[in-house]
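Spelled out from the first residue to the last, the chains are:
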Amino acid sequence: MPHRPGWSAAASIYTVAGAVCILGCALVPESDVGMLVTITGGLPWSLSLLTLGLSPGVAYTALLMLAGSWALNAALLWWLALRRPGHHTPSHPA
């Protein structure tokens, strides 16, 4: 059972939103608003899209990079949600 219900809710919402955004971009690639929302939700990792050139296959590569961005952010949120709160005691008494 998660120890941090607020983080669990945030991670769940973010994970579902990411799946919806990525699927939306895959199904309706011409939607500029959908793409902007997906890029914004994947920040800061989605900035890697700036490294792409205008070569064939760039849309597929961009979608993979966006999916990776959302997955990395979701993993970080789930890590925060599922980690146990630690007791922060100084290792060396003052």
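Not measured: the values here are computed from a predicted model. (Residues numbered from 1 in each chain as written. Predicted model: local features only at pLDDT ≥ 70, side-chain atom pairs only at ≥ 80, totals over all residues. Heavy atoms only, no water.)

Describing the state of the cysteines
If you walk through the whole model with that rule in mind, you get zero disulfides. Distance from the sulfur of Cys-21, which forms no disulfide, to the nearest cysteine sulfur (Cys-25) is 6.8 Å. (Disulfide = S-S within 2.5 Å.)

Details of the side chain of Asn-73
Mapped onto the fold, Asn-73 is located in helix 3 (residues 58–82). For Asn-73, a relative accessible area of 11% puts it in the buried group. A distance of 3.0 Å separates polar atoms of two side chains, one belonging to Asn-73 and the other to Tyr-14. Once residues lying within four places of it in the same chain are set aside, the contact partners of Asn-73 are Tyr-14, Gly-41, Gly-42, Leu-43, Pro-44 and Trp-45. (Helix = DSSP H or I, 4+ residues; strand = E, 2+ residues; numbered from the N terminus. Buried < 20%, exposed > 50% of the residue type's maximum accessible area, 1.4 Å probe, protein only. Polar contact = N/O pair within 3.5 Å; in protein donor to acceptor, adjacent residues only side chain to side chain. Contact = heavy atoms within 4.5 Å.)

Considerations on the environment of Gly-41
In this fold, Gly-41 is placed in helix 2 (residues 32–41). A residue is classified by how much of its surface remains accessible, and Gly-41, at 18% relative accessible area, is buried. Separated by 32 residues in the primary sequence, Gly-41 and Asn-73 place their C-alpha atoms 8.9 Å from one another. Those residues in contact with Gly-41, other than ones at most four positions away along the chain, are Tyr-14, Trp-70 and Asn-73.

Considerations on the packing of helix 2 against helix 3
Where helix 2 contacts helix 3, the axes come no closer than 9 Å and their chain directions differ by 40°. Considering their axes alone, helix 2 and helix 3 lie oblique with respect to each other. Helix 2 and helix 3 meet at a crossing whose hand is left-handed. The residues of helix 3 that touch helix 2, namely those facing Met-35, Val-37, Thr-38, Ile-39 and Gly-41, are Leu-66, Trp-70 and Asn-73. Taken together, the residues of the contact of helix 2 with helix 3 break down into five nonpolar, three polar and no charged. (Axes fitted to C-alpha atoms, helices over the stretch in contact; angles between N-to-C directions. Parallel < 35°, antiparallel > 145°, perpendicular 65-115°, else oblique. Left-handed = near helix turned anticlockwise from the far one by under 90°. Nonpolar A, V, L, I, M, F, W, Y, C, P; charged D, E, K, R; others polar.)

A look at the nonpolar core
Listed in full, the 10 residues of the largest apolar core are Ala-11, Tyr-14, Cys-21, Ile-22, Leu-49, Ala-62, Leu-66, Trp-70, Ala-74 and Leu-77. Secondary structure elements with two or more residues in this core: helix 1 (5–27) and helix 3. Per-element tally for this core: the top contributor is helix 3, with five residues. Setting aside residues no more than four positions away along its own chain, Leu-49 makes contact with Ile-39, Ala-62, Met-65 and Leu-66. (Core = buried A, V, L, I, M, F, W, Y, C linked by side-chain atoms within 4.5 Å.)

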